[in-house]
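Residue-level structural notes
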Amino acid sequence: MKNGYIVKRDVGIMNCTECLRRGMATHTANVGLLCGQRCVYCSSPSRIFRHSIFKEVGVSAFELFDQGVAIVDPWTPIRIAKKSYKLTKDDIVLISSQTDPYDKSSSKLSLGRRCVESVLKNSEAKVKIMTKSTAIINDLDLLCKFKDRVSVGMSIIAPVYKSEIIKCLEPGACDLKDRLFIWKRLSEQGVKTFGMVNPCMPGIINGKDDMVSIFETLSEINSEAIWIEPINLKWNNVARCAEVLKDNRYNEYGELVNGLRKKNAYKNYLKNFISGSLSAAYDCRCHDKIKIIVNSDGDGFDVDDPSIVWLKR
Ligand code: SF4
């Protein structure tokens, strides 16, 4: 099996309903099809496994993903440039929603940088960058040049004191502590940041106290906004996450995550999760910054708060 594949697609910038519903962005641009960082909870292989490239190479999206084989599209910045004229200053482009624009394969081709630059130079739109890679610091010059129009997301699925535990769930991503170090540097240089606490899992984020710890970490990098989203039973490989945690001797966490699959357990988890997150946000005085994304219409929940985004309403 090769270390990576190149694919030529037709898409560049796309409207993004999922981003819009979350109040995060209006558009998205992905630097390829598959990221090489192997996060166990990643939904990308499930979303793109029908793409024709997998028949052509004779290997499934899931096999490639498990091997950390990335599939990138080096022509993406060209197509972004062609369509950017349609963007307005009110638009926000998320780079990327399905792949990491700064994983090793993309970084070798400067794909993240070229995509970001392509939007910024060819439109007045803003850009949100989503990456778990500390390689983002190599583009500090670009980020500083466009600091009014760019923000960089800090992905965090656990309080920093649990950074060792989550390595098994994010085996190819940069260490959480290293990420924090780099995001602090970005913030010190005036680059805007936001927090992505996603996917949240029981035990890994253990109630209000852990969420307080996460909010405190995000305040260290001056996050302007924080999106919080619980693990999704459809997309986030709940059983797989539980299995990996157990394989790495985090049995207690594995059991808690696996327990979400029992009848009514998920809804009860969501209820506790929402109240713990809201309470933590009030304590940390960041309630005005958070959005809690819930895959429900709110029916049966005894809480309604402006910071909750009910995806099914
Ligand atoms: S960094 Fe993002 S896109 Fe890459 S494997 Fe992890 S969750 Fe998936």
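Let us look at the structure shown here. On a predicted model such as this, the values are computed, not experimentally measured, just so you know. (Residues numbered from 1 in each chain as written. Predicted model: local features only at pLDDT ≥ 70, side-chain atom pairs only at ≥ 80, totals over all residues. Heavy atoms only, no water.)

1. Looking at the overall build of the chain
Rule in force here: Strands here are runs of E lasting at least two residues and helices are runs of H or I lasting at least four, both read from the DSSP assignment and numbered beginning at the N terminus. C-alpha atoms define the radius of gyration in this analysis, and the globule rule sets the expected value at 2.2 Å times the number of residues to the power 0.38. Residue contacts are counted whenever heavy atoms from the two residues lie within 4.5 Å of one another. Using the Shrake-Rupley algorithm and a 1.4 Å probe, accessible areas are obtained, with residue cover drawn only from the displayed protein chains. Note that His is not counted, nor are the chain ends; the positive residues are Lys and Arg, and the negative ones are Asp and Glu. Every charge is mapped to an atom, namely NZ of Lys, CZ of Arg, CG of Asp or CD of Glu.
Scanning the chain from N- to C-terminus turns up 14 helices and 12 strands. For 313 residues, the compact-globule estimate of 2.2 N^0.38 gives 20 Å, and the chain sits close to it at 19 Å. Oriented by its inertia axes, the alpha-carbon framework of the chain measures out at about 45 × 45 × 35 Å. Of the contacts made within the chain by residues no fewer than 6 positions apart, 72% connect residues no fewer than 24 positions apart. Carbon and sulfur atoms provide 46% of the accessible area of the chain, an area that totals close to 14,400 Å². Averaging the coordinates of the 47 positive side-chain charges in the chain and doing the same for the 37 negative ones gives two points 5 Å apart.

2. Section: the packing of aromatic side chains
Going by this rule: For this analysis, a ring pair means two rings from Phe, Tyr or Trp (six-membered ring only for Trp) whose centres lie within 6.5 Å, classed as stacked if their planes differ by under 30 degrees, edge-to-face if by over 60, and tilted for the remaining angles. By definition, being over a ring means that NZ of Lys or CZ of Arg is both within 6 Å of the ring centre and within 35 degrees of the ring normal.
Per the counting criterion, the structure on display carries five aromatic pairs. Pairing Tyr269 with Phe273 gives two aromatic rings, centres 5.7 Å apart and planes at 40°, and the pair type is tilted. Taken together, the positions of Tyr269 and Phe273, both in helix H14 (residues 265–283) and four residues apart, correspond to about one turn of that helix. The side chain of Lys128 reaches across the aromatic face of Phe194, ending 5.6 Å from its centre.

3. What to know about the packing of helix H11 (residues 207–220) against H14
So the rule is basically this: Working convention: axes come from line fits to C-alpha atoms, limited for helices to the stretch in contact. Angles between N-to-C directions cover 0 to 180 degrees. Any angle that falls under 35 degrees is termed roughly parallel, while one over 145 is termed roughly antiparallel, one within 65 to 115 roughly perpendicular, and all others oblique. Handedness of a crossing follows from how the near helix is turned relative to the far one, being left-handed for an anticlockwise turn of less than a right angle and right-handed for a clockwise one. In the scheme used here, Gly and all other residues not listed as nonpolar or charged are polar, with Ala, Val, Leu, Ile, Met, Phe, Trp, Tyr, Cys and Pro taken as nonpolar and Asp, Glu, Lys and Arg as charged.
Running from N to C, H11 and H14 cross one another at 45°; their axes reach a closest spacing of 8 Å. In terms of their interaxial angle, H11 and H14 are classed as oblique. When the axes of H11 and H14 are compared, the crossing they make is right-handed. Residue-level contacts link Lys208, Met211, Val212 and Phe215 of H11 to Phe273, Gly276, Ser277, Ser279, Ala280, Ala281 and Asp283 of H14. Each residue belonging to the contact of H11 with H14 can be placed in one class, and the counts come to six nonpolar, three polar and two charged.

4. Side note on the sheet that holds strand S10 (residues 223–230)
Applicable threshold: By the convention used here, strands pair only if DSSP detects at least 2 bridges between them.
Strand order in the open sheet formed by nine strands is S2-S3-S6-S7-S8-S9-S10-S11-S12, and the pairing between neighbours is mixed. Each having just a single partner strand, strand S2 (13–15) and strand S12 (308–310) make up the two edges of the open sheet. Taking each pair of neighbouring strands and ignoring which way they run, the sheet shows an average axis angle of 25°. Alignment of S2 against strand S3 (residues 27–29), held across three bridges, turns out to be antiparallel. Within S3, the residue paired with Ile13 across the bridge is Ala29. Set on the sheet, H14 makes contact with strand S9 (192–200), S10, strand S11 (290–294) and S12; between it and S11 the angle comes to about 175°.

5. A closer look at the sheet that holds strand S1 (residues 4–6)
The strand order across the open sheet built from three strands is S1-S5-S4, with neighbouring strands paired in mixed fashion. The open sheet has two edge strands with one neighbour each: S1 and strand S4 (32–34). On average, each strand axis in the sheet is inclined to that of its neighbour by 15°, with strand direction left out of account. By the bridge criterion, two bridges tie S4 to strand S5 (residues 70–72) in an arrangement that is antiparallel. Directly across from Leu34, in S5, lies its bridge partner Ile71.

6. Some words on the state of the cysteines
Counted only if it meets this: Two cysteine sulfurs form what is called a disulfide whenever their separation falls within 2.5 Å. Each residue gets one of three labels from its accessible area relative to the maximum for its type: buried under 20%, exposed over 50%, partly exposed in between, using a 1.4 Å probe on protein chains only.
Under the defined criterion, the tally for this structure stands at one disulfide. At a sulfur-sulfur separation of 2.3 Å, the disulfide partner of Cys16 is Cys19. As the torsion about the S-S bond is roughly 70°, the Cys16-Cys19 disulfide counts as right-handed. Summarising the burial analysis for this pair, Cys16 and Cys19 share the class buried. Looking at Cys174, it has no disulfide partner, and the nearest cysteine sulfur is the one in Cys39, 11 Å off.

7. Let's talk about the nonpolar core
Quick note on the threshold: Here, nonpolar core refers to any group of buried Ala, Val, Leu, Ile, Met, Phe, Trp, Tyr and Cys residues whose side-chain atoms link them within 4.5 Å. Domain ranges listed in this record stem from an automatic or a database domain assignment.
The biggest cluster of nonpolar side chains holds 95 residues, and the ones touching the most others in it are Leu169, Val197, Met211 and Ile228. With eight residues, the single largest contributor to this core is H14. Of the domains in this structure, domain 1 (1–131) and domain 2 (133–313) are the two that each give at least three residues to this core. The contact partners of Val197, leaving out residues within four places of it in the chain, are Ile156, Ile205, Met211, Ile214, Leu218, Ile226, Trp227, Ile228 and Glu229.

8. A look at the pattern of salt bridges
Working definition: two side chains of opposite charge can pair if their charged atoms are close together. We count it as follows: Each salt bridge in this description consists of a side-chain nitrogen of Lys or Arg and a carboxyl oxygen of Asp or Glu lying within 4 Å of one another.
Counted by the stated rule, this structure contains 18 salt bridges. Residue Arg179 pairs with Glu170 through a salt bridge whose shortest N-O separation is 2.8 Å. Judged by relative accessible area, Arg179 falls into the buried class, the value being 1%. In this structure Glu170 comes out as buried when scored by relative accessible area, which is 4%. Through salt bridges with shared partners, a single ionic network connects Arg113, Glu117, Lys121, Asp139 and Asp141.

The values reported here are purely geometric and, on their own, carry no functional implication.
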